[in-house]
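Now for the letters of each chain:
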Amino acid sequence: MSRAPRLAGYALMAVAALLALAMRRGAIDQIGPFPVAAVALLVGMIGVMLVFTDLMVRGLYAQVGAAKNAAPDEEKRRNEKE
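Parameters and conventions
- Residues numbered from 1 in each chain as written.
- Predicted model: local features only at pLDDT ≥ 70, side-chain atom pairs only at ≥ 80, totals over all residues.
- Heavy atoms only, no water.
- Core = buried A, V, L, I, M, F, W, Y, C linked by side-chain atoms within 4.5 Å.
- Buried < 20%, exposed > 50% of the residue type's maximum accessible area, 1.4 Å probe, protein only.
- Helix = DSSP H or I, 4+ residues; strand = E, 2+ residues; numbered from the N terminus.
- Contact = heavy atoms within 4.5 Å.
- Salt bridge = Lys/Arg side-chain N within 4 Å of Asp/Glu carboxyl O.

**Some thoughts on the nonpolar core**
Okay, step 1: The biggest cluster of nonpolar side chains holds six residues, and these are A16, L19, V36, V39, A40 and V43.
Okay, step 2: If you list the elements that add at least two residues to this core, you get α1 (4-25) and α2 (36-68).
Okay, step 3: Top element by residues in this core is α2. It accounts for four residues.
Okay, step 4: With sequence-adjacent residues up to four places away left out, L19 is seen in contact with I28, I31, V36, V39 and A40.

**Here's the deal with the pattern of salt bridges**
Okay, step 1: For the structure on display, the rule yields two salt bridges.
Okay, step 2: A salt bridge links R58 to D54, with the nearest nitrogen and oxygen atoms 3.2 Å apart. Of this pair, R58 and D54 are both found in helix α2, four residues apart, which corresponds to roughly one turn of the helix.
Okay, step 3: The exposure class assigned to D54 is buried, which follows from its relative accessible area of 7%.

Written out as structure tokens, the structure is:
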């Protein structure tokens, strides 16, 4: 499983921070017809979604892997309780 989506998300968040910093210093006022704040928020939001999604999927795979590697006696006890 590649970490590329998470790294891309971090890069997008960094771009959003740089856009906000440039806007704050007055270097950029607009990007095309859009205000810089709107572009920074959109880019940052996409970055956060990529990072969180990647981390959630990794956590889910870890849980599935842990369940597969569980000791057989634990599975027997779990089935007896049901």
